[in-house]
Amino acid sequence: MCMPLDIAPPNSMTQVKFTGIANLDMLKSVTSAMNEANLMPFSDRSALVKTSRNPAALIAMPESVKEKHGEDIVAIQDRLHRLAERAAENRSFVIFDAEQTYFQPAIQRLVLPVMLRCNTRSRPIVYTTIQAYLKESEAVAQGCLDLCQQENSRFATKVVRGAYIVQELERARTHAYPSPLLPSYEETNRSYNRIVENLIDSVGKNSASVMVATHNRESVAMAQKLMMKQDIPSGAGSRVCFAQIYGLAEYLSSELAASNYIVYKSVPSGPIDKVMGYLSRRAQENSAVFSRFDIESKHIWLELRRRFSARR
């Protein structure tokens, strides 16, 4: 779950782990069938549009999975629509988090019709998640953006670097297929920045909303500059917001909030064994940030000084 720093209920944001609400075998089967058919999450616009109008439809799914997993697909589509409708009633948002590549294409394929149905140009309700460390991430982001523009919907997404590095590399070695990941942290950074730049440009054209989810100061500074260039407001109602994990980069969150940017803190909720796994993956994802602790500690002390000075 995520909460805005000012704890404003109408703008609260719930982050959903998709594998906690869907049949895992179904997700794997749909992803496998999509890969075999070279089907991207945004492929076949008409099928996605028809599904957005009828959550019980199976038309957007590969033929090979309809017989075996039809009931599971209809059940999760109905669940997603009900989650989105409840969020709309409460004037809040729902983010469907990204997961491993043997789940993620199916997740995005299932979320897109809900986005087309519920996200208007004036108010997005449903967010997906783009993982910048994947080789196909830029193509997926652009394809989803184009689809939503064509249907007069607003594409809304959280952008992260990615958190399943060890699992993805190990699975690729075990099954002898090419790694789906970009080869270096530097290339992931470049991919992340290009995706954010493209999306913020689309925010300026009133066709996207983006959550810049990062603990990287350089990426935050870049997003701020792009917002100023596009004349995108930073306060309440802005279509660009920032996010960090609760307990990490607190000084960065505080600096953003003090400058009137919308900031969310991600608060994992669930059984301790599941939460620890989540946090350990975030530590791996942010290892490059932690390695520069001498620089980060300077900013922490500056933030402490600012807070104590403000109390005088």
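About the criteria used
- All chains use their own residue numbering, which begins from 1 and follows the written sequence.
- Residue-level local features of this predicted model are given only where pLDDT is at least 70; pairs of side-chain atoms are given and counted only at 80 or more, and the full residue set underlies all totals for whole chains, interfaces and linings.
- Excluded from the side-chain calculation are hydrogens and water; included are all heavy atoms of the structure.
- The way it works is that DSSP assigns letters per residue, a run of H or I at least four long becomes a helix, a run of E at least two long becomes a strand, and they are numbered from the N terminus.
- Between the first and last residue of a helix there are one fewer steps than residues, each counted as 1.5 Å, and that sum is the expected span.
- Type-normalised accessible area, obtained with a 1.4 Å probe on protein chains alone, sets the label of each residue: buried when under 20%, exposed when over 50%, and partly exposed for intermediate values.
- For every residue, the pLDDT score states the predictor's confidence, bounded by 0 at the bottom and 100 at the top.
- Here, residues are in contact when the closest pair of their heavy atoms is within 4.5 Å.
- When a carboxyl oxygen of Asp or Glu is within 4 Å of a side-chain nitrogen of Lys or Arg, the pair counts as a salt bridge.
- Any two strands are treated as partners once DSSP identifies two or more bridges connecting them.

Looking at helix α4 (residues 104-118)
And step 1. Between its first and last C-alpha atoms α4 spans 21 Å; for 15 residues at 1.5 Å apiece the expected length is 21 Å, and the two agree.
And step 2. In terms of burial, α4 is a largely internal element, 14 of the 15 residues being buried.

Some words on the confidence of the model for the protein
And step 1. Counting all residues, the mean pLDDT for the protein is 87, and 84% of those residues have values of 70 or more.
And step 2. Counting contacts from residues 3-8, a segment whose pLDDT is below 50, to residues more than four positions away or on other chains yields 12 contacts.

Notes on unusual backbone geometry
Backbone phi values are negative for most residues with the exception of glycine, while trans is the configuration of most peptide bonds.
And step 1. The phi torsion at Ala 176 lies on the positive side, around 55°, for a residue other than glycine.
And step 2. Along the polypeptide, Ala 176 turns up in the loop between α6 (165-175) and α7 (185-204).
And step 3. Accessibility expressed as a relative area gives 70% for Ala 176, which makes it exposed.
And step 4. In this structure, Asn 260 takes a positive phi of about 75° despite not being glycine.
And step 5. Inspection of the secondary structure assignment puts Asn 260 in the loop between α9 (250-258) and β8 (263-266).

What about the pattern of salt bridges?
Here the idea is simple: oppositely charged side chains can pair when their charged atoms come close.
And step 1. For the structure shown, the criterion picks out 12 salt bridges.
And step 2. Arg 194 is the salt-bridge partner of Glu 138, the closest N and O atoms lying 2.8 Å from each other. With a gap of 56 residues between them, Glu 138 in helix α5 (residues 137-150) and Arg 194 in helix α7 connect regions that are remote in the sequence.
And step 3. Look at Glu 138 and you get partly exposed, because its relative accessible area is 31%.
And step 4. A salt bridge links Arg 173 to Glu 170; its shortest N-O distance comes to 3.0 Å. One end of the pair, Arg 173, and the other, Glu 170, are both in helix α6, three residues apart, so they sit about a helical turn from each other.

Section: the pairing of strand β6 (residues 208-213)
And step 1. When you tally the buried positions in β6, you get six out of six residues, the bulk of the element.
And step 2. Burial along β6 is two-sided: Ala 208, Val 210 and Val 212 and Ser 209, Met 211 and Ala 213, pointing in opposite directions, are all buried.
And step 3. Pairing between strand β5 (residues 155-160) and β6: five bridges, direction parallel. Residue pairing for β6: Lys 158 is matched across the bridge by Met 211.

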